[in-house]
Amino acid sequence: MLKKKNISASKASLVLFLCQIISALDVPLDSKLLEELLQPPTITQQSPKDYIVDPRENIVIQCEAKGKPPPSFSWTRNGTHFDIDKDALVTMKPNSGTLVINIMNGGKAEAYEGVYQCTARNERGAAISNNIVIRPSRSPLWTKEKLEPNHVREGDSLVLHCRPPVGLPPPIIFWMDNAFQKLPQSERVSQGLNGDLYFSNVQPEDSREDYICYARFNHTQTIQQKQPISVKVFSMDSLNDTIAANLSDTDIYGAKSVTERQPVLLTPTGSTSTKVELRGNVLLLECIAAGLPTPVIRWIKEGGELPANRTFFENFKKTLKIIDVSEADSGNYKCIARNTLGSVHHVISVTVKAAPYWITAPRNLVLSPGEDGTLICRANGNPKPNISWLANGVPIAIAPEDPSRKVDGDTIIFSHVQERSSAVYQCNASNEYGYLLANAFVNVLAEPPRILTPADKLYQVIADSPALLDCAYFGSPKPEIEWFKGVKGSILRGSEYIFHYNGTLEIPVAQKDSSGTYTCVARNELGKIQNEVQLEVKDPTMIIKQPEYKVIQRYGQVSFECIIKHDSTLLPTVIWLKDNDVLPDDERFLVGKDNLTIMNVTDKDDGTYTCVVNTTLDSVSASAVLTVVAAPPTPAIIYARPNPPFDLELTGQLERSIELSWIPGDENNSPITNFVIEYEDGLHEPGVWHHQTEVPGTQTTVHLKLSPYVNYSFRVIAVNEIGRSQPSEPSEQYLTKSASPDENPSNVQGIGSEPDNLVITWESLTDFQSNGPGLQYKVSWRQKDVDDEWTSVIVANVSKYIVSGTPTFVPYEIKVQALNDLGYAPEPSEVIGHSGEDLPMVAPGNVQVHVINSTLAKVHWDPVPLKSVRGHLQGYKVYYWKVQSLSRRSRRHVEKNILTFRGNKTFGMLPGLEPYSSYKLNVRVVNGKGEGPASPDKVFKTPEGVPSSPSFLKITNPTLDSLTLEWGSPIHPNGVLTSYILKFQPINNTHELGPLVEIRIPANESSLILKNLNYSTRYKFYFNAQTSVGSGSQITEEAVTIMDEAMASRQVDIATQGWFIGLMCAVALLILILLIVCFIRRNKGGKYPVKEKEDAHADPEIQPMKEDDGTFGEYSDAEDHKPLKKGSRTPSDRTVKKEDSDDSLVDYGEGVNGQFNEDGSFIGQYSGKKEKEPAEGNESSEAPSPVNAMNSFV
């Protein structure tokens, strides 16, 4: 079952060889070569011959061409030169011949109808495009017509004519009703190719008044609609009833019921017709018949069969469709319409004509000076097309003469051409059904040989397989190719080599001695060039031990071997397949280096297993079959941890390695997945076991790496899915020899603790890493870029050494090397450390402050020289403090603020400044030791800001029409006060605010008497201070003017009467008693009326509020979503109007924080009234109430 295949790296060359054209010189498709060679123009892209454009969009006529040098472009329109420079709406794309006609800027598409042709020209010739006919699409409206209703008798035939408007291109026709639903079609009712709707026989259900024909013009994405057509079908039963009602009993009456009729063709008419179709098009033939029952259509071809695989039946077999017709499809096609009463037929005589089509289109010709060549242009058609030639777009009869050219019908013969013979020739094949136009250039080149294959290209093949060595070349005249082996070898000849036309050398059977250097030489009369390539022949890959057929019991374990031999320079990859597919994604499949092991085999593992070995050059494979059989019946399986391994044996003892083997214990019905190997160091850590390694459960031998100066003992632990076994008995001890250390201490650092020392630290090696007795460390250091020699000291097994007397903060190169009694560890790597830091010496200079606004400033400074930092630069600290307020000229306790800016930053922002104040600041540099000296204090001032609110506002001395206001100046004026602003407005009993009045007061005033106020009226006041910057925050207060004196005296008299005092005491006592009763009932679980009403209802939801008194009333599902009735406390705009009492819940808390308890009582936390902003007009500025909060959930 061994399969083998060789992969050649040079097969692409053979493909290139097969593509060569023998008749003329080939130009390889090498991009660099093509860029260098002169080439006549070639049209690469052009618009279609019949180009229908959207009249609403710009017209783009494509013409792209390539050539060397790049071609220029020109156009003709209707046979004359089209000067695009004279038409502002026409532009040509850069480096292109594509025209863009800007219709969207006012142009008319109809004005640019015509035949366009593009010419691309350079010094080597001119290529022309097809004649491109530009026509704008048209989607005209339906002609208005008066449509009479169609009255038709049941069973008769009917044709509804569509007659769509003539559009460009023709529209797509479909029938729909008023609801824009397609009308159902069947064998009885169907749409013809002309768009008419045919009824073979009408039925009563065909009566309707909305038969509508639609025409969809795809090019303009528009749909036109014909007026609806009405059809009324009269059934014979209803007609008989009408007759009977008008005749006497003695009259003989009764029209016949629906009469069955034999088929009659509705289209086409007559017994014969003709049809002409063009080769390659789709032939559509149609027959629609009337009759009752509905006729069935069948098609045949007289004297032949309908073409298989190209024939389709559509429209319920009423349409015969043949695709890709040819002249062989000409003939007579008969359609037969048949029902139970008879049949009718029609014969359509089909003639297939053909627009010209290519037999041999002319191909570009590349010749060398003095060579011969031909251009062949052969086309066919029906009728046979006429062939004419043009040279550079001009009829060849009037083109400049060329003595090397001779025209012979459809062939141009070139003899002994010269470079001036280069041109582009056009072949035109035309008949009455169309034309073909092809450009083909003749390019005469004189070029010395070039080899395109890369130099020193390496080819690798497997021994006994073919070797293909490329020598892609170009030259004009065509070069001769010769091959040599070796630098000074002889020319290669003989049957053992094959020389291909494209220059490729083939060695059919390469051997190991075929390896070496091969030289390709290309020469013509203009020069000679050579190129060397390398061939390496590799040994084949082989499977020397193949997998073998296996039979295994279910739940067992099986292994397949696949041992390979390969060329030492190739890297193989081994892939295992099951039944020619990838292995299942299952951890039971273990792929080793030379084997495949399947654990716990199941029935689904049955199959063919293939080992596939791949290299970059070849591939081999071998297969074997696995058969899984049922295991003999066994008692109930008990799964347990495996028994510990035993018989541990040490073999192959070396200084740094040893071989450990063991015998696995019983796996206890759960396969061993892996073994864990642990070791004990009896010399340094007796009794402590360390993890050494793990191996798969199929392995019972392991090669262990050892360290010197360790007294090893080993033990093995088996692991399965149940758990770990007990450790095995320890192996015998093995003491490895001492050696010098293998590694040096890690994490070496050098950091000074004082300005004149360097503390070198490291992480010491463990006893296990010491490799021998007498572990010490060699500590070395030298000042970086100053000392050439190292200073070293050997210290005991410690982890720190202090170097004293060092300069302050200079870099040192440091290394720490381990050594013991047997020698030194490898040379350690160097690290950079620094001696101790000291305080910086220099203060930052050129401190500048830029005040951004009244509370923010930006400070800049120049960085200090790094040498003066004397440590690791950590950043800069800015100390700033307020000296005094400019508005009060009073000093206060100085409280310094500190901002730290990390790194080498030279600017920072100072936030939180007080407006209109004088500040000082200084800057200090910071290193790891501390701060340096401060820079000179810099004074800066902040501009004015808006003031804080006035310190207080008191309203005293109320009279009938006046109030006295007193206030205190702002605690933080933040500038020079310019004035105070007082605003006030009256508040009525419903807490609606009246008009707002504003008064400006000089800054030096501290009181004001407001006069001409209304008596017994509450006023709300808003008061703030101003600086030149703007207004500060305001404070508010309310006050009431007193009543008139008579009312006041009556109130005083009533308040002093004894009966009034007694009445008030009685009311207070009654309220106290009610509160006590409520408290007692609540503590005893008593119910409020609300609770009683809730208990009376099955629905536990909260009861709605009554409209009249605001208490909770009866619940009704029917009223759940009804709007509140007139008189409700909550208007439709979801606001709550205040009642006569000023002490509303609205004045407490913050909006909707209040809640209702389970018993219907209101709970919430009262807080002081929130200050209200002044409101214009009479708009309410109330906070939302708890009732509003409930309404928001309705």
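What counts, and where the lines are drawn
- Residues numbered from 1 in each chain as written.
- Predicted model: local features only at pLDDT ≥ 70, side-chain atom pairs only at ≥ 80, totals over all residues.
- Heavy atoms only, no water.
- Helix = DSSP H or I, 4+ residues; strand = E, 2+ residues; numbered from the N terminus.
- Buried < 20%, exposed > 50% of the residue type's maximum accessible area, 1.4 Å probe, protein only.
- Contact = heavy atoms within 4.5 Å.
- Areas by Shrake-Rupley, 256 points an atom, 1.4 Å probe, with all protein chains shown as cover.
- Polar contact = N/O pair within 3.5 Å; in protein donor to acceptor, adjacent residues only side chain to side chain.
- Phe/Tyr/Trp six-rings, centres within 6.5 Å; stacked < 30°, edge-to-face > 60°.
- Patch = residues over 30% accessible without salt bridge, like charges linked within 9 Å, V, L, I, M, F, W, Y side chains within 5 Å.
- Salt bridge = Lys/Arg side-chain N within 4 Å of Asp/Glu carboxyl O.
- Core = buried A, V, L, I, M, F, W, Y, C linked by side-chain atoms within 4.5 Å.
- pLDDT = per-residue confidence, 0-100.
- Disulfide = S-S within 2.5 Å.

**Re the overall build of the chain**
Moving on, step 1. Each helix and strand in the chain was counted, giving nine helices and 88 strands.
Moving on, step 2. Per-residue burial over the chain gives 39% buried out of 1194 residues.
Moving on, step 3. For the chain, the proportion of contacts with a sequence separation of at least 24, taken over those separated by at least 6, is 65%.
Moving on, step 4. When the accessible surface of the chain is totalled, it reaches about 65700 Å², and 52% of it is carbon and sulfur.

**Points about the side chain of N720**
Moving on, step 1. Take N720: it is sitting in strand β63 (residues 711-720).
Moving on, step 2. At 3.0 Å, the side chain of N720 and the backbone oxygen of A640 are in polar contact.
Moving on, step 3. Within the structure, the side chain of N720 is placed 3.3 Å from the backbone oxygen of S670, a separation counted as a polar contact.
Moving on, step 4. With near-sequence residues (within four places) excluded, N720 lies in contact with A640, R641, P642, E667, S670, P671, I672 and T673.

**Concerning the packing of aromatic side chains**
Each aromatic ring pair is described using two quantities: the centre-to-centre distance and the angle formed by the ring planes.
Moving on, step 1. Counted under the stated rule, the structure contains 21 aromatic pairs.
Moving on, step 2. Residues W967 and F1023 carry aromatic rings whose centres are separated by 4.8 Å and whose planes lie at 50 degrees to one another, so their mutual orientation is tilted. Of this pair, W967 sits in strand β81 (residues 963-970) while F1023 sits in strand β85 (residues 1018-1026), and the two are 56 residues apart along the sequence.
Moving on, step 3. Assessed through its relative accessible area of 4%, W967 is described here as buried.

**As for a nonpolar patch on the surface**
Moving on, step 1. Where nonpolar side chains cluster on the molecular surface, the patch consists of L1069, L1072, I1073, I1076, V1077, F1079 and I1080 and spans about 660 Å² of accessible area.
Moving on, step 2. Take I1080: it is sitting in helix α7 (residues 1058-1083).
Moving on, step 3. Judged by relative accessible area, which is 41%, I1080 ranks as partly exposed.

**A word on the nonpolar core**
A general trend in soluble globular proteins is that nonpolar side chains are found buried together.
Moving on, step 1. Among the nonpolar cores identified, the biggest contains 28 residues, and I59, I61, W75, I101 and Y116 are the most heavily contacted of them.
Moving on, step 2. Looking at this core, the elements that each hand over two or more residues are β4 (59-61), β5 (63-68), β6 (72-77), β9 (99-101), β10 (114-122) and β12 (132-136).
Moving on, step 3. Tallying contributions element by element places β10 first for this core, with three residues.
Moving on, step 4. Look past the residues within four positions of I59 in its chain and what remains in contact with it is V53, L99, V100, I101, I103, A109, Y112 and I134.

**Focus: the confidence of the model for the chain**
Moving on, step 1. Taken over all residues, the pLDDT of the chain has a mean of 84, while the share at 70 or more is 84%.
Moving on, step 2. Counting contacts from residues 1086-1194, a segment whose pLDDT is below 50, to residues more than four positions away or on other chains yields 128 contacts.

**Structural notes on the state of the cysteines**
Moving on, step 1. The final tally for this structure, using the stated rule, is six disulfides.
Moving on, step 2. One disulfide bridge connects C63 with C118, the sulfur atoms lying 2.0 Å from each other. Taking the sign of the S-S torsion, about -70 degrees here, the bridge from C63 to C118 comes out left-handed. Linking C63 in strand β5 with C118 in strand β10, this pair joins segments that are 55 residues apart in sequence.
Moving on, step 3. On the accessibility criterion, C63 (0% relative accessible area) is buried.
Moving on, step 4. Under the relative-accessibility criterion, C118 is labelled buried at 0%.
Moving on, step 5. Bridging C562 to C611, the disulfide has an S-S length of 1.9 Å. What sets the handedness of the C562 and C611 disulfide is the S-S torsion sign, and at about -70 degrees it is left-handed. Placement of C562 in the loop between β50 (558-561) and β51 (563-565) and of C611 in strand β56 (residues 607-614) is noted, with a sequence separation of 49 residues between them. The pair formed by C562 and C611 is uniform in burial state, with each residue classed as buried.

**Here's the deal with the environment of L469**
Moving on, step 1. Summarising the element assignment, L469 is placed in strand β41 (residues 467-469).
Moving on, step 2. For L469, a relative accessible area of 0% corresponds to the buried category.
Moving on, step 3. Counting along the chain gives 10 residues from L469 to Y459, while the straight-line C-alpha distance between them is 7.2 Å.
Moving on, step 4. Apart from residues no more than four positions distant in its own chain, L469 is found in contact with Y459, W483, G503, T504, L505, Y518, V533 and L535.

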